[in-house]
Amino acid sequence: QTLISMSYLAFSLRDLGDAKAAADLARKVVEVQKRTLGEEHPQTLISMSYLAFSLRDLGDAKAAADLARKVVEVQKRTL
């Protein structure tokens with residue numbers, strides 16, 4: 001539950017225009033979720049999408065697109 005709240009906070013920080021803080025927090029959430037839930041867990045994929053948004057906002061469109069593609073590939077395979 002804490003990780004979900006942290007993920008929502010990251011999304012809110014992004015909405016407030018603090019893309020760096022949002023990306024930093026989203027990275028932490030994704031790292032922990034990958035370890036505890038697995039990389040293909042639906043909540044991990046949502047958090048990875050939030051991170052992709054923040055990366056795009058930081059001007060790293062390539063990293064954002066690469067991450068978004070990875071999320072879509074996993075979703076197609078598992079959902």
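Residues numbered from 1 in each chain as written. Predicted model: local features only at pLDDT ≥ 70, side-chain atom pairs only at ≥ 80, totals over all residues. Heavy atoms only, no water.

Section: the packing of helix α3 (residues 42-57) against helix α4 (residues 61-78)
Here is step 1: At a closest axis distance of 8 Å, the pairing of α3 and α4 adopts a crossing angle of 160°. For the element pair α3 / α4, the angle class is roughly antiparallel. Classified by chirality, the crossing of α4 by α3 is left-handed. Facing α3, whose interface residues are Leu45, Met48, Ser49, Leu51, Ala52, Leu55 and Arg56, α4 presents Ala63, Ala64, Leu67, Ala68, Lys70, Val71, Val74 and Gln75.
Here is step 2: Considered class by class, the residues forming the contact of α3 with α4 number 11 nonpolar, 2 polar and 2 charged. (Axes fitted to C-alpha atoms, helices over the stretch in contact; angles between N-to-C directions. Helix = DSSP H or I, 4+ residues; strand = E, 2+ residues; numbered from the N terminus. Parallel < 35°, antiparallel > 145°, perpendicular 65-115°, else oblique. Left-handed = near helix turned anticlockwise from the far one by under 90°. Contact = heavy atoms within 4.5 Å. Nonpolar A, V, L, I, M, F, W, Y, C, P; charged D, E, K, R; others polar.)

Some points on α3
Here is step 1: With 16 residues, α3 should cover 22 Å at 1.5 Å per step; its first-to-last C-alpha distance of 23 Å lies within 8% of that length.
Here is step 2: The inward-facing, buried residues of α3 contact α1 (2-15), α2 (19-36) and α4.
Here is step 3: Phi turns positive, to about 95°, at Gly59, one or two residues after α3. (Expected span 1.5 Å × (residues − 1).)

Concerning the pattern of salt bridges
Here is step 1: Enumeration over the complete set of coordinates arrives at 9 salt bridges.
Here is step 2: Residues Asp57 and Arg56 are paired through a salt bridge, measuring 3.5 Å at the closest nitrogen-oxygen approach.
Here is step 3: We classify Asp57 as partly exposed; its relative accessible area is 35%.
Here is step 4: Among the ionic contacts, a cluster of salt bridges with common partners joins Arg14, Asp15, Arg56 and Asp57. (Salt bridge = Lys/Arg side-chain N within 4 Å of Asp/Glu carboxyl O. Buried < 20%, exposed > 50% of the residue type's maximum accessible area, 1.4 Å probe, protein only.)

Section: the environment of Leu79
Here is step 1: In this fold, Leu79 is placed in the segment after α4.
Here is step 2: With 62 residues separating them along the chain, Leu79 and Gly17 place their C-alpha atoms 32 Å apart.
Here is step 3: Sequence-distant contacts of Leu79, that is, excluding residues within four places in its chain, are made with Pro42 and Val74.

Focus on the confidence of the model for the protein
Here is step 1: Per-residue confidence for the protein gives a mean pLDDT of 94; residues scoring 70 or more make up 100%.
Here is step 2: Per-element confidence in the protein is highest for α4, whose mean pLDDT is 96, and lowest for α1, whose mean pLDDT is 90. (pLDDT = per-residue confidence, 0-100.)

Remarks on the packing of aromatic side chains
Here is step 1: What the rule picks out here adds up to 2 aromatic pairs.
Here is step 2: In this structure an aromatic cluster arises from ring pairing among Phe11, Tyr50 and Phe53. (Phe/Tyr/Trp six-rings, centres within 6.5 Å; stacked < 30°, edge-to-face > 60°.)

A few points about the nonpolar core
Nonpolar side chains in soluble globular proteins tend to end up buried together.
Here is step 1: Judged by nonpolar contacts, the single largest core of 14 residues is most densely connected at Leu45, Met48, Leu51, Leu55 and Leu67.
Here is step 2: Sorting the residues of this core by element identifies α2, α3 and α4 as the ones contributing at least two each.
Here is step 3: Counting residues per element, this core draws most heavily on α3, at 5 residues.
Here is step 4: Contact partners of Leu45, with chain neighbours within four places excluded, come to Glu39, Glu40, Val71, Val74 and Gln75. (Core = buried A, V, L, I, M, F, W, Y, C linked by side-chain atoms within 4.5 Å.)

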